[in-house]
Amino acid sequence: MRNWTRTARSVLIASGALATLAACSGDAILGGPDDTGRAALHSVSPANGVTGVSITMSMAMNFSRPMGRDMEKYIVVHEGSLTGSAVGGKWRWSSDRRTLTFTPDVPLRARTTYVIHMGGDMQGQNGRPLDHTQCASLGGRAVSEGMMSGGMGMMGAGWQGADGSYGMIFTFTTA
């Protein structure tokens, strides 16, 4: 529960949509992942299922709260499928640690599907696990143990979260 002042504030609600509360008085009780103290994924670019993506486009993930140090090590961009080879590139956090951008080392392959895989043990700066409940509303899928089998090399620490999940996946296809 948060006590909002009388000034206008922009807040993220459970649907992930942006709402503006103007001239609020008293307490506003808001549901959703941001009120749990856990960071939530608010957007992924390119969006899940998008086709015709530029082969030189960077990818970005936006979170509701600042993310912990080194959390980029739990995100891999795969070529083709979840079991495909990892795309090399550079990760860069925004100064507030809410946006992570990935720039591939070389242009992506044309007319190829790519998978952004976010590991299950990602945490906010406050040490709380990433809230995966927004995954479906962003079009992504939760990753199951069966999807992670087959010697992918991602079964070690960090890929399986404390809650037993293996994270989220989002796909896109280049032009």
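The structure under discussion appears in the preceding block.
Residues numbered from 1 in each chain as written. Predicted model: local features only at pLDDT ≥ 70, side-chain atom pairs only at ≥ 80, totals over all residues. Heavy atoms only, no water.

### What to know about the sheet that holds strand E8 (residues 99-104)
Here is step 1: Taken in spatial order, the four strands of this open sheet run E3-E5-E8-E7, and their pairing is antiparallel. Where the open sheet ends on each side, the last strands, each with one partner, are strand E3 (41-45) and strand E7 (89-93). Here the average twist between neighbouring strands, direction ignored, is 15 degrees.
Here is step 2: Examined bridge by bridge, E7 and E8 share five bridges and lie antiparallel to one another. Considered in E8, the bridge of tryptophan 93 is made with leucine 100. (Pairing = 2+ DSSP bridges. Helix = DSSP H or I, 4+ residues; strand = E, 2+ residues; numbered from the N terminus. Axes fitted to C-alpha atoms, helices over the stretch in contact; angles between N-to-C directions.)

### Some thoughts on the pattern of salt bridges
Here is step 1: Considering all chains together, one arrives at two salt bridges under this definition.
Here is step 2: Taking the shortest distance from any N to any O, the salt bridge between arginine 109 and glutamate 79 comes out at 3.5 Å. Linking arginine 109 in the loop between E8 and strand E9 (113-118) with glutamate 79 in strand E6 (residues 75-79), this pair joins segments that are 30 residues apart in sequence.
Here is step 3: With relative accessibility at 24%, the residue glutamate 79 sits in the partly exposed group.
Here is step 4: Between aspartate 105 and lysine 90 there is a salt bridge whose closest N-O contact spans 3.3 Å. Taken together, the residues aspartate 105 in the loop between E8 and E9 and lysine 90 in strand E7 connect sequence positions 15 residues apart.
Here is step 5: For lysine 90, a relative accessible area of 58% corresponds to the exposed category. (Salt bridge = Lys/Arg side-chain N within 4 Å of Asp/Glu carboxyl O. Buried < 20%, exposed > 50% of the residue type's maximum accessible area, 1.4 Å probe, protein only.)

### A closer look at the packing of aromatic side chains
Here is step 1: Taken as a whole, this structure holds three aromatic pairs when the rule is applied.
Here is step 2: When the centroid spacing of 6.1 Å and the interplanar angle of 40 degrees are considered together, the rings of phenylalanine 63 and tryptophan 93 count as tilted. In this pair, phenylalanine 63 sits in strand E5 (residues 59-63) while tryptophan 93 sits in strand E7, placing the two residues 30 residues apart along the sequence. Across this residue pair, the class does not change: phenylalanine 63 and tryptophan 93 are buried.
Here is step 3: On the basis of an interplanar angle of 40 degrees and a centroid distance of 4.5 Å, the ring pair of tryptophan 91 and phenylalanine 102 is categorised as tilted. Residue tryptophan 91 is located in strand E7, and its partner phenylalanine 102 is located in strand E8; the two are separated by eleven residues in the primary sequence.
Here is step 4: Judged by its relative accessible area of 25%, tryptophan 91 falls in the partly exposed class.
Here is step 5: One cation-aromatic arrangement involves arginine 97 over tryptophan 93; the distance from NZ or CZ to the ring centre is 4.6 Å. (Phe/Tyr/Trp six-rings, centres within 6.5 Å; stacked < 30°, edge-to-face > 60°. Lys NZ or Arg CZ within 6 Å of the ring centre and 35° of its normal.)

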